[in-house]
Amino acid sequence: QVQLVESGGGLVQAGDSLRLSCAASGRTFSTYTMGWFRQAPGKEREFVAAINWNGGNIAYADTVKGRFTISKDNSKNTVYLRMNSLKPENTALYYCAIKRVYRDYDVKGKYDYWGQGTQVTVSS
């Protein structure tokens, strides 16, 4: 079992920045991919960003490229999502998830464990 706990969400104004954190504990995998997804009210959960265990593979959704940055700190078993220039349409519940391989990094059904999510609300 792997436990994932997200934090760092909040209410911000358009143009502001936030950094989300996802701390992993339990029986984490020796090699893994961690992803960030988000779900707005009435919408499907969608891919945001992913990073593999050594940072050699990173991917972003087109809608966040250039504004969001995913990173990790292996010593803390933590993955981060830095979000700059936030827009009202970025309002959502943001989840982190973990899977063993990088393939299908943007497919939510391929992830093995999920956190409970952290709410990000961007006001205009």
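The structure this text deals with has already been given above.
Residues numbered from 1 in each chain as written. Predicted model: local features only at pLDDT ≥ 70, side-chain atom pairs only at ≥ 80, totals over all residues. Heavy atoms only, no water.

Chemist: Looking at this structure, I do not really get the side chain of Ser21. What am I missing?
Modeler: Of note, Ser21 is situated in strand S3 (residues 18-26). We classify Ser21 as buried; its relative accessible area is 15%. In contact with Ser21, other than residues within four places in its own chain, are Val5, Glu6, Ser7, Trp36, Thr78, Val79 and Tyr80. (Helix = DSSP H or I, 4+ residues; strand = E, 2+ residues; numbered from the N terminus. Buried < 20%, exposed > 50% of the residue type's maximum accessible area, 1.4 Å probe, protein only. Contact = heavy atoms within 4.5 Å.)

Chemist: Which parts of the structure should I look at to understand the packing of aromatic side chains?
Modeler: For any two aromatic rings, the description comes down to two numbers: the centre-to-centre distance and the angle of the planes. Applying the stated rule across the entire model yields 7 aromatic pairs. Each ring, one from Phe37 and one from Tyr111, has its centre 5.2 Å from the other, and the planes form 80°; the classification is edge-to-face. Of this pair, Phe37 sits in strand S4 (residues 33-39) while Tyr111 is found in the loop between strand S9 (92-99) and strand S10 (113-114), placing the two residues 74 residues apart along the sequence. Overall, Phe37 belongs to the buried group, its relative accessible area being 1%. Tyr111 gets classed as buried once you look at its relative accessible area, which sits at 6%. The interplanar angle of 80° and the centroid separation of 6.2 Å between the aromatic rings of Tyr95 and Trp114 together place this pair among those described as edge-to-face. Taken together, the residues Tyr95 in strand S9 and Trp114 in strand S10 connect sequence positions 19 residues apart. Judged by relative accessible area, which is 10%, Tyr95 ranks as buried. With relative accessibility at 24%, the residue Trp114 sits in the partly exposed group. An aromatic cluster is present here, built from Phe37, Phe47, Tyr95, Tyr102, Tyr105, Tyr111 and Trp114 joined pairwise through their rings. (Phe/Tyr/Trp six-rings, centres within 6.5 Å; stacked < 30°, edge-to-face > 60°.)

Chemist: Honestly, the pattern of salt bridges in this entry has me stumped. Any pointers?
Modeler: Pairs can form between side chains of opposite charge whenever their charged atoms are close. Counting across every chain of the model gives 3 salt bridges. Between Arg38 and Glu46 there is a salt bridge whose closest N-O contact spans 2.7 Å. Accessibility expressed as a relative area gives 6% for Arg38, which makes it buried. Asp62 is paired through a salt bridge with Lys65; the nearest N and O atoms lie 3.2 Å apart. Per residue, the accessibility class of Asp62 equals that of Lys65, and both read exposed. (Salt bridge = Lys/Arg side-chain N within 4 Å of Asp/Glu carboxyl O.)

Chemist: How should the environment of Lys108 be read in this particular structure?
Modeler: Relative to the helices and strands, Lys108 resides in the loop between S9 and S10. Considering only alpha carbons, one finds Lys108 and Gly10, 98 residues apart in sequence, at a separation of 24 Å.

Chemist: Explanation requested: the environment of Arg45 in the structure shown.
Modeler: Within the secondary structure layout, Arg45 lies in the loop between S4 and strand S5 (46-52). With 28 residues separating them along the chain, Arg45 and Asp73 place their C-alpha atoms 25 Å apart. Look past the residues within four positions of Arg45 in its chain and what remains in contact with it is Phe37, Arg38, Gln39, Tyr95, Lys108 and Trp114. Within the structure, the side chain of Arg45 is placed 3.3 Å from the side chain of Gln39, a separation counted as a polar contact. (Polar contact = N/O pair within 3.5 Å; in protein donor to acceptor, adjacent residues only side chain to side chain.)

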